[in-house]
Amino acid sequence: FISFGVKIQVTRLICGGLVLAIRINHAISGAIGLVQFLNAVSQISKDPSSAPSPLPVWQRWLLSARNPPYVTCVHNEFEVEENSNSSTEPTILDSPLNLVRKCFFFGAQEIKAIKKYLPPNIPYATKFDLVTALVWRSRTIALQLDPEEFVTLTYAVNVRGKNKPKLPSGYYGNGFVSPAAVSKVNQLCNNSFVYALELVKKAKHQVTEDFIKSAIDYSVLHGKPGYSTLLKDWIVSDASRAGIDDVDFGWGKPIYGGTMDGGPTFNMTVYSQFRNNQGDDVWGVPVCLPVAAMENFQKEMEKMIKGPMDECNKFWHPRIISML
């Protein structure tokens, strides 16, 4: 099935498994809206006489810019080039950079190991904060960049739970903003893991009502600017809690629900829920780096975790829901 901005394909495998692949333009919907659509289809497939719940809402004007638009916050997510000292670094849009992609699994054992780095004054941090800080710091160390260079971590933050703008249940459009953490390479690499963790948490706490409106206005005033395509900068989206792995069309829940190749660009990572060979639910964290940098990254991660990381190069399983 193909329509404007959406492509849906179902593949039946010889073993009896099914692969549901969906390709969707991000201008139409985010991950949560996509899951709402999949759940609506699953409800109708089980009971054609039923109406989807919640009913779809398309009130895009809820996230319109102010009149006149005006920027009130700093938006490092859109100003990466201004933060960069390098004008010659190859980007992911250039010729192939001898890149390799691997997926690393973070389960209860890995999270427990990371928490050992928390000092007494930071008794709690979310799983997202811990994994993101560790991977960002290790990734930057692995790339062996100019110590005076700036690197940026940009990640999506869901705004559906915010009071203003209040997005109704069933809203199908995008409902997130992308704050960014910025650091000099030497500070990120030479300081402890806690330094990176504090930057991640600080960027998340920037997402206020004012920041959301300012980000929308910035996009309007600057012609919908894109995110960095520089390999040194990292973009993260957490789809592990979107519910993709819970969608059931009557065949049972999928073994895996997430992106097919880890992310739409080489400097982007999409976290997905995954079930490993032992049957434990873990996070799949795909990372793409040049071959030499990937070797450095694995060594750094193993040093921090105090043991070999559970990693693989393939996502495939006979029964998969995949969001491209």
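Structure: see above.
Right, let's walk through the structure included here.

Analysis parameters
- Residues numbered from 1 in each chain as written.
- Predicted model: local features only at pLDDT ≥ 70, side-chain atom pairs only at ≥ 80, totals over all residues.
- Heavy atoms only, no water.
- Salt bridge = Lys/Arg side-chain N within 4 Å of Asp/Glu carboxyl O.
- Helix = DSSP H or I, 4+ residues; strand = E, 2+ residues; numbered from the N terminus.
- Buried < 20%, exposed > 50% of the residue type's maximum accessible area, 1.4 Å probe, protein only.
- Axes fitted to C-alpha atoms, helices over the stretch in contact; angles between N-to-C directions.
- Parallel < 35°, antiparallel > 145°, perpendicular 65-115°, else oblique.
- Contact = heavy atoms within 4.5 Å.

### Comments concerning the pattern of salt bridges
Note that side chains of opposite charge can pair when their charged atoms are close.
Okay, step 1: Applying the stated criterion to the full structure yields nine salt bridges.
Okay, step 2: Among the salt bridges present, the one from Glu209 reaches Lys213, with a minimum N-O distance of 3.0 Å. Here the residue Glu209 and the residue Lys213 both occupy positions in helix H7 (residues 209-221), the gap between them amounting to four residues, near one helical turn.
Okay, step 3: For Glu209, a relative accessible area of 34% gives the class partly exposed.
Okay, step 4: A relative accessible area of 31% places Lys213 in the partly exposed class.
Okay, step 5: In this structure, Lys253 engages Asp246 in a salt bridge whose closest nitrogen and oxygen atoms are separated by 3.6 Å.
Okay, step 6: Since its relative accessible area comes to 49%, Lys253 is described here as partly exposed.
Okay, step 7: Accessibility expressed as a relative area gives 43% for Asp246, which makes it partly exposed.
Okay, step 8: What you see here is one network of salt bridges that share partners, running through Arg137, Glu300 and Lys303.

### Considering the packing of helix H3 (residues 108-115) against helix H4 (residues 127-143)
Each packed pair of helices is defined by two parameters, the angle between the axes and the distance between the axes.
Okay, step 1: In the contact formed by H3 and H4, the axes pass within 10 Å of each other and the chain directions differ by 75°. As far as their axial angle goes, H4 and H3 are roughly perpendicular. Together, Ile111, Ile114 and Lys115 of H3 and Lys127, Leu130, Val131 and Leu134 of H4 make up the contact between the two elements.

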